[in-house]
Amino acid sequence: MLHIVNKSPAERNTLESCLRVAAPGGAILLIEDAVYAATRGNAAEAQLRDALSRFKVYALAPDLDARGMGDRIMEGVATVDYGGFVDLVTEHKNCQSWL
Amino acid sequence: MLIAVTINEGPYQHQASDSAYLFCKAALEKGHEIRRVFFYNDGVNNASSLTEPPLDDRNIVSRWSKLAEEHKLDLVVCVAAALRRGIRDENLAAGFRISGLGQLVEAGIEADRLVTFGD
Amino acid sequence: MSEGTVKKFMFVNRKAPYGTVYALEALEVVLITAAFDQDVSLVFMDDGVFQLKKGQQTKGIENKNFSPTYRALDGYDIEKLYVEEEALAARGLTEEDLLVDVTVMSRAELGKLMDEMDVVLSF
């Protein structure tokens, strides 16, 4: 299953909820303000790093770049463009946007 | 693949409509079919023909209209949500139509994937 | 085309009522989905569990109290209501505080159930 998260971990508990509930083996795509979660030195870094053993984690590159964070992506998180976003949706059996 | 999209936030205030638009564009470029884009909650404001952004900003509404025209997209605005927010046929942008919530459920049933963009 | 197809729809409610419109508008989609004879599940987690709190009195905020609708879901054959155990505990609530019968689930059970769905809508 693909989990899509769009909130900064410093503003809302969305990523935390997703990581708490999502079944291991799925993928997590960080878009919009959620891309801050995948940057080095942010407060949620340890939490996300811990999740890398259970999930494949992706961040949307255009959202990182727009926020000037393109060079801060943490190790283990892959970046995708909108085409990659589409591929993640089609490759997984179902998806959920954690709104 | 048959993909449906739902948008729950209005334009400009939130990135949801931008993300959904770029997602749809990428999906179409990859040869997928967009079954329907359904506008719900404040998302109905994406259909207002009265929208007039400054010239140096993107025009979110007309961008949807253009994409719909080019790819024969079905842009559906939820009637109950639209009436609550003053969106009616008189101020509905080109390419959009107003219909019931059943259109969202039907899209969920018919499409292989339903992707939601919102707050 | 969709005639006869039954998909598993899950509605994930993570937001409290009244502060925003999401809970109410989610409920409207739930009712329509049931009218299409689909397999409907509702999940309440995070602040979404507040939607089911007993004793809502909305007169003072001049808003419609839509909480009785949760009790009417049964009449639409919507019986799969799941509440995350930890979300209740973290808000000082127990099952007795809720206005409908629900199945309380651990986060692991909930995650597994989510994986089995065809369509997941989050409000």
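Residues numbered from 1 in each chain as written. Chains lettered and ligands numbered in written order. Predicted model: local features only at pLDDT ≥ 70, side-chain atom pairs only at ≥ 80, totals over all residues.

## Some remarks on the overall build of chain A
So, step 1. Check the secondary structure of chain A and you find four helices and five strands.
So, step 2. Along its sequence from the N terminus, chain A presents helices and strands in the succession β-α-β-α-β-α-β-α-β.
So, step 3. Against the compact-globule benchmark of 13 Å for 99 residues, chain A has a radius of gyration of 12 Å, which places it among compact chains.
So, step 4. Considering only C-alpha atoms, chain A reaches an extent of 30 × 30 × 25 Å along its principal axes.
So, step 5. Within chain A, buried positions represent 46% of all 99 residues. (Helix = DSSP H or I, 4+ residues; strand = E, 2+ residues; numbered from the N terminus. Rg over C-alpha atoms; globule rule 2.2 N^0.38 Å. Buried ≥ 20, exposed ≤ 12 C-beta atoms within 10 Å, placed from the backbone.)

## Regarding the interface of chain C and chain B
So, step 1. Listed by partner, the interface residues are 16 residues for chain C and 14 residues for chain B.
So, step 2. For the side of chain C that touches chain B, the secondary structure elements donating two or more residues are α1 (22–35) and β5 (119–122) of chain C.
So, step 3. Here the element with the most residues in the side of chain C that touches chain B is α1 of chain C; it accounts for five residues.
So, step 4. Counted by class, the side of chain C that touches chain B contains eight nonpolar, five polar and three charged residues. (Contact = placed C-beta atoms within 7 Å. Nonpolar A, V, L, I, M, F, W, Y, C, P; charged D, E, K, R; others polar.)

## Things to note about the nonpolar core
So, step 1. Counting residues in each nonpolar core, the largest one holds 106 residues, and the members touching the most others are Leu30 of chain A, Val5, Phe39 and Val77 of chain B together with Phe11 of chain C.
So, step 2. Every residue in contact with Phe39 of chain B, bar those within four places of it in the chain, is listed here: Ile7, Val44, Asn46, Ala47, Val76, Val77 and Cys78 of chain B. (Core = buried A, V, L, I, M, F, W, Y, C linked by C-beta atoms within 7 Å.)

## Considerations on the sheet that holds β5 of chain C
Residues and elements named next belong to chain C.
So, step 1. Ordered by their spatial adjacency, five strands build an open sheet running β4-β3-β2-β1-β5, and the pairing between neighbours is parallel. Because the sheet does not close on itself, it has two edges, and the strands there are β4 (103–105) and β5. Between one strand axis and the next, the sheet turns by 25° as a mean value, whatever way the strands run.
So, step 2. Pairing of strand β1 (residues 8–13) with strand β2 (residues 39–44) involves six bridges; the strand directions are parallel. Its bridge partner being in β2, Lys8 is matched across the sheet by Asp39.
So, step 3. Taken strand by strand, α1 contacts β1, β2 and β5, and its axis lies near 165° from that of β1.
So, step 4. Along the sheet face, helix α4 (residues 107–115) touches β1, β2, β3 (80–84), β4 and β5 and points at about 135° away from the line of β3. (Pairing = 2+ DSSP bridges. Axes fitted to C-alpha atoms, helices over the stretch in contact; angles between N-to-C directions.)

## Brief notes about the interface of chain A and chain B
Accessible area lost when the parts come together is the quantity often used to give the size of an interface.
So, step 1. On the side of chain B, 16 residues touch chain A, which itself brings 11 residues to the contact.
So, step 2. Mapped by element, the contributors of at least two residues to the side of chain A that touches chain B are α4 (82–91) and β5 (95–98) of chain A.
So, step 3. Its residues placed into classes, the side of chain A that touches chain B shows seven nonpolar, three polar and one charged.

## Points about the packing of helix α1 (residues 16–29) of chain B against helix α2 (residues 60–71) of chain B
Residues and elements named next belong to chain B.
So, step 1. It is at 11 Å that the axes of α1 and α2 come closest, and there the two elements cross at 20°. Considering their axes alone, α1 and α2 lie roughly parallel with respect to each other. Judged by the twist between their axes, the crossing of α1 over α2 is left-handed. Each of Ser17, Asp18, Tyr21, Cys24, Lys25 and Leu28 in α1 lies in contact with α2, whose residues at this interface are Ile60, Arg63, Trp64, Leu67 and His71. (Parallel < 35°, antiparallel > 145°, perpendicular 65-115°, else oblique. Left-handed = near helix turned anticlockwise from the far one by under 90°.)

## Looking at unusual backbone geometry
So, step 1. Located in the positive-phi region is Tyr18 of chain C, a residue other than glycine, with phi close to 75°.
So, step 2. Tracing the chain through its elements places Tyr18 of chain C in the loop between β1 and α1.

## Points about the environment of Val102 of chain C
Residues and elements named next belong to chain C.
So, step 1. Structurally, the position occupied by Val102 is in the loop between α3 (85–89) and β4.
So, step 2. A residue is classified by how many C-beta atoms lie within 10 Å of it, and Val102, with 19 of them, is partly exposed.
So, step 3. Separated by 21 residues in sequence, Val102 and Leu81 have C-alpha atoms that sit 5.1 Å apart.
So, step 4. Look past the residues within four positions of Val102 in its chain and what remains in contact with it is Leu52, Leu81, Tyr82, Val83 and Glu95.

## A word on the sheet that holds strand β1 (residues 2–5) of chain A
Paired through their backbone hydrogen bonds, the strands of a sheet run either parallel or antiparallel.
All names here are of chain A.
So, step 1. One open sheet accounts for five strands, arranged β4-β3-β2-β1-β5; its pairing is parallel. Each edge of the sheet is formed by a strand with only one pairing partner; in this case those strands are β4 (78–80) and β5. Mean inter-strand twist for the sheet, computed between neighbouring axes without regard to direction, equals 25°.
So, step 2. Bridge count between strand β3 (residues 56–60) and β4: three bridges; the pairing is parallel. Bridged to Leu60 within β4 is Val80.

## Remarks on helix α4 (residues 102–110) of chain B
So, step 1. Counting buried positions over the nine residues of α4 of chain B gives seven, a clear majority of the element.
So, step 2. Of all the residues in α4 of chain B, the buried ones are Gln103, Leu104, Val105, Glu106, Ala107, Gly108 and Ile109 of chain B.

## Quick notes on α1 of chain B
So, step 1. Between the first and last C-alpha of α1 of chain B there are 20 Å, a value that for 14 residues agrees with the 20 Å anticipated at 1.5 Å per step.
So, step 2. Within the span of α1 of chain B, buried status applies to Ala16, Ser17, Ser19, Ala20, Tyr21, Phe23, Cys24 and Ala27 of chain B.
So, step 3. Packing partners of the buried residues in α1 of chain B comprise α4 of chain A together with β1 (2–7), β2 (33–39), α2 and β5 (113–117) of chain B. (Expected span 1.5 Å × (residues − 1).)

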